[in-house]
2 protein chains.
Amino acid sequence: MHISIVAKIVGVLLMLFSMLANLPSILVSFIYGDGEVSSFLTSLMITFGVGFGLWVFTWRSRQEMRTRDGFLVVTLFWTVLSIFGALPFLFSTNTPLSVTDAVFESFSGLTTTGATVITGLDFLPKSILFYRQQLQWLGGMGIVALAVAVLPMLGIGGMQLYRAESPGPVKNDNLVPRLAETAKALWYIYMGLTAVCALAYWAAGMTLFDAICHSFSTVAIGGFSTHDASMGYFNSDIINMIAVFFMFLAGVNFALHFTAWQRRSVSQYLRDPETRFYASILLAIAVFTVLVLYLTETYNAQNAFVHGIFQTVSIATTTGFTTADFNSWPLALPYLLIYASIIGACAGSTGGGMKVIRILLIFKQGFREVKRLIHPNAVITVKLGRTMVPDRVIESVWGFFAVYVLVYLVLLIVLLALDLEVVTAFSAVGASLNNLGPGLEGVASNYADIGNTAKWVLCLAMLLGRLEIFTLLVLFMPMFWRR
Amino acid sequence: MHISIVAKIVGVLLMLFSMLANLPSILVSFIYGDGEVSSFLTSLMITFGVGFGLWVFTWRSRQEMRTRDGFLVVTLFWTVLSIFGALPFLFSTNTPLSVTDAVFESFSGLTTTGATVITGLDFLPKSILFYRQQLQWLGGMGIVALAVAVLPMLGIGGMQLYRAESPGPVKNDNLVPRLAETAKALWYIYMGLTAVCALAYWAAGMTLFDAICHSFSTVAIGGFSTHDASMGYFNSDIINMIAVFFMFLAGVNFALHFTAWQRRSVSQYLRDPETRFYASILLAIAVFTVLVLYLTETYNAQNAFVHGIFQTVSIATTTGFTTADFNSWPLALPYLLIYASIIGACAGSTGGGMKVIRILLIFKQGFREVKRLIHPNAVITVKLGRTMVPDRVIESVWGFFAVYVLVYLVLLIVLLALDLEVVTAFSAVGASLNNLGPGLEGVASNYADIGNTAKWVLCLAMLLGRLEIFTLLVLFMPMFWRR
Ligand SMILES: [K+]
Ligand SMILES: [K+]
């Protein structure tokens with residue numbers, strides 16, 4: 001373990017984060033005169049100070065960071081930044097939160113979960129609102145780098161499959177330059193998508209402030225909104241369809257966006273088995289949902305179409321925006337959507353859930369098992385497009401699946417023991433572990449009413465989800481710390 | 001596909017079943033003069049007639065049955081016998097059931113699930129009570145043969161691991177003689193256990209009738225009782241502990257019982273990794289449950305001990321007897337026990353659930369994945385005791401796990417769409433798919449109050465559980481029927 005290089009990186013990250021997160025909010029507070037300048041300034045100074053402290057003691061370190069250190073850095077990235085990200089909520093002059101609530105809101109923001117403990121969003125200071133949205137956007141940048149560049153290298157849950165696909169140099173075992181190179185390429189796309197999305201929202205009738213804020217949480221698949229009614233506030237079919245379009249895009253592998261952009265070719269998407277499966281799942285669930293909503297006369301044709309498609313894409317990609325009270329939809333539709341969020345978005349996107357590629361591989365392997373029962377001696381391979389998938393990758397996916405189910409069950413029973421209602425507990429675990437945001441019943445619109453201990457458990461769940469469980473799990477193995 | 005040999009076997013099975021199931025009940029009805037003789041006689045004649053009809057048309061068949069035909073025979077065994085086993089409930093002069101209820105009760109009996117739609121068991125004719133218990137016992141005999149002899153040959157869900165262990169000749173590809181040989185050896189043990197269990201119950205104070213009836217459902221891990229209060233009726237700590245002992249034994253691999261008996265050596269059990277894991281799980285859950293019951297002052301020390309141990313073993317082995325209203329136990333204990341039933345008993349036992357060996361292998365493989373993340377280039381093997389487990393077996397176990405989770409989720413959403421309450425639906429699926437019996441809330445004491453469609457769905461769940469899902473799944477593959 002190279003503690004000094006890890007500390008140096010965290011120090012630099014904190015200094016960077018202190019400015020990226022707080023400076024724009026200070027500007028917003030200044031523009032709107034909402035009296036929160038000092039809260040952000042205090043947060044900035046504390047965060048910068050701690051980061052600088054770490055850096056001062058370690059900047060001479062000439063250690064190289066190695067692949068294995070990645071587990072620790074990634075975990076620290078989200079925990080440390082989430083903790084310091086909570087400061088403005090604590091220090092807010094108008095609407096200070098308790099420690100638990102501030103940390104919950106910050107974890108929920110940076111992991112792009114989008115669960116909130118705040119009610120009365122519409123009356124919050126503009127700068128705090130902006131800060132929340134921006135936390136998600138920064139979290140999304142972290143995820144893109146994590147999912148496209150780091151996880152494939154670490155080999156978590158079959159993600160070594162994507163090792164060759166990351167843009168940037170791959171041969172080097174020194175994590176930092178490789179990561180920086182890859183991340184830069186992807187962030188251009190990320191920022192481009194955000195800008196286009198914001199312009200589209202603005203053109204469709206949002207205020208500039210809301211357009212920017214919602215573009216942040218759309219492209220980050222975050223789901224935070226500046227209004228309690230979420231996207232439903234705007235009551236505009238055009239805005240809803242713009243959101244659907246950008247949520248869909250943000251749920252696609254960013255490495256694929258990169259290749260498609262480089263080669264100026266949409267056929268890249270059509271040829272990718274994961275993207276095709278992703279689109280098919282969304283289409284199938286959307287059609288079913290729209291039909292049920294229409295046939296059960298929950299809505300008229302137009303509303304069934306818009307709300308059905310919007311909620312399907314929003315929940316299945318794990319964005320978590322709402323336009324309708326989908327909790328009360330008939331025929332177990334709420335559960336169907338929660339299931340969809342377990343599948344989640346594509347690997348390498350800003351979305352959560354188990355990731356489409358893993359579900360695809362599990363299906364293919366399950367199908368292979370059935371074939372093997374009928375033809376015990378046949379050699380049957382699992383293929384993605386024309387490429388054979390190594391058994392090693394499939395084993396990793398299984399491992400991920402088993403651990404995911406186990407973690408889900410353990411978190412569920414902990415929440416039940418904390419006296420949450422079953423549906424609330426089941427959906428809260430799902431919404432946190434899949435980085436979705438809204439759950440059902442007791443956590444349908446916000447997480448204000450659940451106990452403090454439960455909130456901390458859910459923070460852990462959001463972190464586990466974002467770190468694809470294994471990153472955190474590895475740190476608890478004595479083997480990791482040896483030598 | 002060898003249809004004529006399959007039809008011949010089903011014919012013979014039906015003729016055999018018609019007598020085994022109905023003749024003893026006729027005797028019981030005669031002894032107690034409860035007026036049900038004609039119901040059983042009618043059932044016997046119809047069942048025998050259909051069986052004879054099948055046999056007459058096919059007895060000349062000289063086809064050999066091959067391994068692959070096993071999937072069909074095993075599926076038909078449980079479906080056809082369960083359908084004909086429903087006849088006495090339909091024809092009962094005193095307490096006739098509807099078609100749905102009769103079929104449900106019969107499926108629940110023969111699959112040794114033990115879920116009942118009947119209330120007022122204590123007032124039922126003795127012969128009908130006896131018939132129910134006996135259905136479970138016969139089902140248990142079927143499961144022992146299935147689990148020890150057939151599943152390893154078919155290679156379902158990693159069970160090929162046990163291929164070498166089945167007593168009897170193994171080289172032959174002709175299913176029938178091999179199965180008969182193996183089954184005979186195991187049935188002696190099964191019958192011996194039943195006899196000793198019945199004597200113990202009798203000596204502890206049950207009536208001879210109740211002792212025999214409950215020995216049937218104990219050794220079969222069935223859980224049917226002749227009283228609405230289940231084992232709680234007897235209100236005897238000694239009877240409860242006898243039940244715990246025999247449920248525990250019935251949850252062990254019968255092939256292991258066979259070897260232990262042959263070599264007259266208890267050390268066989270201690271050396272078996274699955275049995276050790278099984279005992280450890282039960283011990284851990286029992287200790288936790290007893291402690292929680294005592295510390296929360298749910299019971300005094302003695303009752304916490306007895307009820308805690310009894311319910312843990314009863315639910316975790318998937319027997320499903322109850323002595324206490326464990327539904328209302330504090331701190332999510334009911335869910336913990338339902339989780340335990342998902343693990344279930346050992347492979348090759350009469351118990352249900354996913355089977356201990358699979359959980360053990362999933363843990364070991366999960367642990368291997370974590371190790372592999374830390375040491376990507378190390379060759380790490382999975383071992384059971386001193387034996388290396390082939391990757392092929394582990395892949396099958398993963399396949400089983402994934403399909404199990406998928407089937408659970410699909411059945412759950414179907415029941416939710418049929419408007420069952422969440423806890424009721426969740427536990428009913430678990431209780432059926434794991435062949436456990438009692439669920440929580442709406443299906444805690446019986447299944448009388450749920451809709452007819454839901455009952456048919458649960459019949460399917462019981463069947464899927466008993467057939468380890470894949471047996472049935474294979475039949476739906478066009479590939480299976482080809483050539
Ligand atoms: K989200
Ligand atoms: K049972």
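Every value quoted in this text rests on a predicted model; they were computed, and no experiment measured them.

## Brief notes about the overall build of chain A
(1) Moving on: Counting its secondary structure elements, chain A contains 20 helices and 2 strands.
(2) Moving on: Relative to a compact globule of 483 residues, whose C-alpha radius of gyration would be 23 Å, chain A shows 22 Å and is just as compact.
(3) Moving on: Looking at chain A residue by residue over its 483 residues, the buried ones come to 64%.
(4) Moving on: By sequence separation, contacts in chain A at least 24 residues apart represent 72% of the contacts at least 6 residues apart.
(5) Moving on: Accessible area of chain A: about 18,100 Å², with a carbon and sulfur share of 67%.

## With respect to the coordination of the potassium ion (ligand 2)
Residues and elements named next belong to chain B.
(1) Moving on: Taken together, the protein donors to the potassium ion (ligand 2) comprise Thr112 (O), Thr113 (O), Ile221 (O), Gly222 (O), Thr318 (O), Thr319 (O), Asn435 (O) and Leu436 (O), at separations of 2.5 to 2.9 Å.
(2) Moving on: Look at where the donors of the potassium ion (ligand 2) fall in the sequence and you get T-T-x107-I-G-x95-T-T-x115-N-L. Within this pair, whereas Thr112 is found in the loop between helix 5 (99–110) and helix 6 (126–154), its partner Thr318 is found in the loop between helix 13 (301–316) and helix 14 (333–343), the two being separated by 206 residues in sequence.
(3) Moving on: Residue classification places Thr112 among the buried residues on the basis of a relative accessible area of 0%.
(4) Moving on: The buried category is assigned to Thr318, whose relative accessible area is 0%.

## Examining the UniProt feature "binding site: K(+)" (unreviewed entry) in chain A
Residue and element names in this part refer to chain A.
(1) Moving on: The residues that UniProt annotates with the feature "binding site: K(+)" (unreviewed entry) are Thr112, Thr113, Ile221, Gly222, Thr318, Thr319, Asn435 and Leu436. Taken along the chain, the residues just named run across 325 residues; in space they keep tight, none of their C-alpha pairs more than 9.2 Å apart.
(2) Moving on: In this fold, Thr113 is placed in the loop between helix 5 (99–110) and helix 6 (126–154).
(3) Moving on: You can see Asn435 is positioned in the loop between helix 17 (422–433) and helix 18 (452–466).
(4) Moving on: Classification of Asn435 as buried rests on a relative accessible area of 0%.
(5) Moving on: Non-local contacts of Asn435, meaning those with residues more than four positions away in its chain, are made with Thr111, Thr112, Thr113, Ile221, Thr318, Gly352, Gly430, Met462, Gly465 and Arg466.

## Thoughts on the relation of the copies chain B and chain A
(1) Moving on: Mapping chain B onto chain A calls for a rotation angle of 180 degrees and an axial translation of 0.0 Å; the resulting RMSD is 0.0 Å. Classification of the inter-copy transformation places it as that of a two-fold axis. No C-alpha of chain B approaches the rotation axis more nearly than that of Trp398 of chain B, which lies at 3.2 Å.
(2) Moving on: In this assembly, 100% of the residues forming the interface of chain B have copies in chain A that are likewise at the interface, indicating an isologous arrangement.

Conventions adopted
- Residues numbered from 1 in each chain as written.
- Chains lettered and ligands numbered in written order.
- Predicted model: local features only at pLDDT ≥ 70, side-chain atom pairs only at ≥ 80, totals over all residues.
- Heavy atoms only, no water.
- Helix = DSSP H or I, 4+ residues; strand = E, 2+ residues; numbered from the N terminus.
- Rg over C-alpha atoms; globule rule 2.2 N^0.38 Å.
- Buried < 20%, exposed > 50% of the residue type's maximum accessible area, 1.4 Å probe, protein only.
- Contact = heavy atoms within 4.5 Å.
- Areas by Shrake-Rupley, 256 points an atom, 1.4 Å probe, with all protein chains shown as cover.
- Donors = N, O, S within 2.8 Å, 3.2 Å for Na, K, Ca; no water.
- UniProt positions renumbered as here; feature names shortened; annotations may be inferred.
- Least-squares fit on C-alpha atoms with pLDDT ≥ 70 in both.

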